[in-house]
Amino acid sequence: MTPDLECADLVKRFGDTTAVDNVSFSVPPGSFFSILGPSGCGKTTIMRMIAGFLDPTSGDIRIKGGSVLDTPPNKRPVNMVFQHLALFPMMTIADNIGYGLRRQKMPKDQIARKVDEALDRIGLPGIGGRKVDELSGGQKQRVAIARCMVLEPDVLLLDEPLGALDLKLREHMKVELKALQAAFDTTFVYITHDQSEALVMSDQIAVMNAGRFEQVGTGQDLYYRPDTPFVAGFIGEANRWKGRIERAEGSALEMRTETGLAMRATATGTLSPGDTAEIFVRPESIRLAATAEALSAFDNQLQGTVTSILFNGAASRVLVQDSVGETLEVTLPQSGEFANLKRGDTLHIGWGAAQATCFAVAA
Amino acid sequence: MRLHARIGFILLLTPLVLWLGLLIVIPHIDMLLISLRERISFGVYETSTTHYQKALTEPLYLRTFWRTAVMSVLATAITLLIAFPVAYYIAKMAKGRLQQVLFMLCLIPFYVSELVRTFGWMILLRETGLISNLLQWAGLADQPVEMLYTDAAMMVGLVYTSMLFMVVPLVTTLESLDDSVVEAGYDLGGNGLSVLREIIIPHAMPGIVSGCIVVFMLSLGNYLTPTMLGGKDSLWFTEMIYNQFIVRSNWELGATFGFMLLVLSSVIVWGMLRLTGRTLQETMG
Ligand SMILES: Nc1ncnc2c1ncn2[C@@H]1O[C@H](COP(=O)(O)OP(=O)(O)OP(=O)(O)O)[C@@H](O)[C@H]1O
Ligand SMILES: [Mg+2]
């Protein structure tokens, strides 16, 4: 099956800054593809090249197999939902949604029917006569998507469309967007710097850093099997230790940290004794216990004192200071077992070697 | 507290009321009264509409009246056509310093007085002027060309004088247009023309209307440019008012003309607002 969208060795330079550096990816039909990266890493630049507002310095963009480099933006079979939506404030909602159809010279009665259908689809029937500023943030959001979807594009591009919404609405729209994508059955390319948006909605996620793709994979891949230290640090949170490898047998290895602790971890890539490396352990893969015996099954065990408790509902954390003075973040289970935990208590913590990912550090 | 607020309000309002009353309302009431009286003999006046009848039947007066109206509308339209691309360039395409420099360039001609500016055009356009000499030198003309004292020369002068008053409101409204709205227009299949018609112009409408009103009133009430650059038959209505008041000392007819001009500009401004479906409050902001 030909992918809906394919980018090959895409490069974009502005003067001597390289905003997008050799990016290649392909998006299969009907899938939800996200590009996730910190601010300024080049996400919008990729999007604008696909939409046709920027010319790539080199590389190719293919839609349904055909190169679109010579196609102007108004002829490309892609549409874009802008970061701040860019609804036309001088038109009614119905005229906004019908704009693209009018450009295609569709007869008036047919446009009216399609607009009504689209409004039903996004769950806002009968608001066609309203002005843009008479809608709520979430409603505008849906209208912006409907405005693109009536044109039945091959690919819909969404540039951080939830950025302007408040937290509660954003949570709601995540689910809604995924449902809309299923309803319209179109390929979505979604960019965001919010990992939970990407993890919840996407079939495939590309993690981007400084103009390059670090890793492309499913949410599980990125979370459980990060390829690079950047991905390990960017997706979810992690406790980190730097040190020198002491023993290595296949991917199982032992590292001595700069502070002198011995740790067992799993290598990503090849590592041999003497290499400098960094270990990442997620707060949620560390087990808390009152006694050392309860942790005997774990490869790594430490004893420490509680320095503070960061209460955040289900995502509450405890900060534990170990014997050499490092502070670790550990997720606090809400099972009631540690309900009486307080500052200064002594705790045992442990985690398996499989949950500790180790990467080589460039010397 | 409320009393204080009231006194403050009255104090703020007083200069405005004085200004409106002394300079606008009272002279106009007086002018209306003057235009409605007829001099029977020395110091004896009678109320009548003779001057209006005369103004509306005398072909020269009527012709000048309509010519002035039509030419002012034309000057406004030409100014809009030239100013719109200029304003669009300044507001949307030029970046940083270039934007400021271009804006200053529009402003610089207003550092010199209107008289000097108009005289500048005379130096360029007259028979022995720069353009005439240039044409002869290039072999495009074999004798001096007179470009002054024509409607075209007058139009050039009117447009030049009004330019800034069109560019400023247009730049202000166009600057508030979000770039991504224009991009969305293209992204959804629009071409340059349809984006201009459906997105840019509707957005710029308040600027267009207020710019047009100001330019139209300035052109209609302009005295210097038509007198200096216009020909013998491009008589401007303001020149006739001047003639009646100053040359003929016929204040009654002059006041009548003045009143006709006031009614004309009110009607045209009202028509312009009706046509674009706006109210004066919206336009003046
Ligand atoms: N027109 C331009 N001229 C010069 N540099 C640019 C231009 N547009 C973008 N850049 C640079 O390219 C880099 C990537 O910008 P881009 O807008 O793609 O970031 P982004 O990933 O979308 O960030 P954000 O999440 O903040 O929107 C930035 O360093 C930016 O400064
Ligand atoms: Mg961006």
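Throughout this description, residue numbers start from 1 for each chain and increase along the sequence as written. Written order determines the labels here, with chains lettered from A and ligands numbered from 1. Where totals are concerned, whole chains, interfaces and linings use all residues; where local detail is concerned, this predicted model gives features only for residues with pLDDT of at least 70, and gives and counts side-chain atom pairs only at 80 or more. The side-chain figures draw on all heavy atoms in the structure; neither hydrogens nor water molecules are used.

Taking an unreviewed UniProt entry as the reference, chain B is identified by name as Spermidine/putrescine transport system permease protein belonging to Antarctobacter heliothermus. UniProt positions are given in the numbering used here, feature names are shortened, and annotations may be inferred rather than shown by experiment. In its Subcellular location (unreviewed entry) section, UniProt records this for chain B: "Cell membrane".

Taking an unreviewed UniProt entry as the reference, chain A is identified by name as Spermidine/putrescine transport system ATP-binding protein belonging to Antarctobacter heliothermus.

(A) Quick look at the UniProt feature "domain: ABC transporter" (unreviewed entry) in chain A. Under the local residue numbering, the UniProt record ascribes the feature "domain: ABC transporter" (unreviewed entry) to residues 5-235 of chain A. By the criteria applied, helices consist of DSSP H or I runs no shorter than four residues and strands consist of E runs no shorter than two, each listed in order from the N terminus. Secondary structure within residues 5-235 of chain A divides into 36% helix and 26% strand; the distance between the first and last C-alpha atoms comes to 25 Å.

(B) Representation of unusual backbone geometry within the structure. Residues and elements named next belong to chain A. One non-glycine residue, Leu85, adopts positive backbone phi at about 70°. Along the chain, Leu85 turns up in the loop between strand E6 (78-81) and helix H2 (93-103). Phi at Asp185 is positive, roughly 50°, even though this residue is not glycine. Tracing the sequence through the fold places Asp185 in the loop between helix H5 (167-184) and strand E8 (187-192).

(C) A look at the domain arrangement of chain A. Residues and elements named next belong to chain A. Its domain assignment divides chain A into domain 1 (5-231) and domain 2 (237-360). For every domain, the bounds stem from an assignment made automatically or drawn from a database. Here domain 1 and domain 2 have C-alpha centroids that lie 39 Å from each other. Each partner contributes to the interface: domain 1 provides six residues, whereas domain 2 provides five residues. When the two sides are added together, the surface that domain 1 and domain 2 hide from each other amounts to roughly 560 Å², 52% of it contributed by carbon and sulfur. Put simply, buried area is how much 1.4 Å-probe accessible surface two parts lose in total, over both of them, once they are put together. When the area that domain 1 buries against domain 2 is broken down by residue, the three leading residues are Tyr223, Pro226 and Pro229, summing to 80%. Contact definition: two residues touch when any of their heavy atoms are within 4.5 Å.

(D) Looking closely at the sheet that holds E6(A). All names here are of chain A. Read from one edge of the open sheet, six strands run E6-E7-E8-E3-E9-E10, paired in mixed fashion. Either end of the sheet is taken by a strand with one partner, and the two such strands are E6 and strand E10 (212-217). Neighbour to neighbour, the strand axes of the sheet diverge by 20° on average, direction disregarded. Pairing geometry for strand E3 (residues 32-36) and strand E9 (residues 204-209), over four bridges, is parallel. If you follow Leu36 over to E9, its bridge partner there is Val207. As a rule, the C-alpha atoms of each element are fitted with a line to give its axis, helices using only the stretch in contact, and angles between N-to-C directions run from 0 to 180 degrees. In this fold helix H4 (residues 137-149) packs onto E6 and strand E7 (155-159), with an angle of close to 170° to the strand it touches most, E6. Strands are labelled as partners when DSSP assigns at least two bridges between them.

(E) The sheet that holds strand E11 (residues 239-249) of chain A, seen in detail. All names here are of chain A. Read around the barrel, five strands follow the order E11-E12-E13-E20-E14 and close on themselves; strand pairing throughout is mixed. Within the sheet, the average angular offset between the axes of one strand and its neighbour, ignoring direction, is 50°. The sheet contact formed by strand E12 (residues 252-257) and strand E13 (residues 262-267) spans five bridges and is antiparallel. Counterpart to Arg256 in the pairing with E13 is Ala262.

(F) Spatial organisation of the site of ligand 1. All names here are of chain A. One heavy atom suffices: a residue is near a molecule or strand as soon as one of its heavy atoms comes within 4 Å of it. Near ligand 1, the surroundings consist of Phe14, Ala19, Ser39, Gly40, Cys41, Gly42, Lys43, Thr44, Thr45 and Glu160. Whenever two N or O atoms come within 3.5 Å, that pair is a polar contact, provided that in protein one can donate a hydrogen and the other can accept it, and provided that, for residues adjacent in sequence, both atoms are side-chain atoms. One of the backbone N or O atoms of Gly40 is found 2.7 Å from an oxygen atom in ligand 1. Within the side chain of Thr45, an N or O atom sits 2.5 Å from an oxygen atom of ligand 1. Here the open area of atoms and residues is found with the Shrake-Rupley method and a 1.4 Å probe, where only the protein chains shown may cover a residue. Calculation on ligand 1 without its partners gives an accessible area of 640 Å², and the protein chains cover 57% of this total.

(G) Structural view of the UniProt feature "domain: ABC transmembrane type-1" (unreviewed entry) in chain B. As annotated by UniProt and renumbered to match this structure, "domain: ABC transmembrane type-1" (unreviewed entry) occupies residues 65-272 of chain B. Secondary structure content for residues 65-272 of chain B is 78% helix and 0% strand, while the C-alpha to C-alpha distance between its ends is 19 Å.

(H) Structural detail: the packing of helix H5 (residues 114-125) of chain B against helix H7 (residues 151-175) of chain B. Residue and element names in this part refer to chain B. Running from N to C, H5 and H7 point in directions that differ by 140°, and their axes come no closer than 11 Å. As the angle between them shows, H5 and H7 are arranged oblique. For the crossing formed where H5 meets H7, the hand is right-handed. Together, Glu114, Arg117, Trp121 and Leu125 of H5 and Ala153, Val156, Tyr160 and Thr161 of H7 make up the contact between the two elements. Our angle categories are set so that under 35 degrees counts as roughly parallel, over 145 as roughly antiparallel, 65 to 115 as roughly perpendicular, and the remainder as oblique. Whether a crossing is left-handed or right-handed is set by the direction in which the near helix is turned from the far one by less than a right angle, anticlockwise for left-handed and clockwise for right-handed.

(I) Just the environment of A:Lys108, in detail. Mapping A:Lys108 onto the fold places it in helix H3 (residues 108-121). Distance from A:Lys108 to A:Gly98, taken between C-alpha atoms, is 9.4 Å for residues 10 residues apart in sequence.

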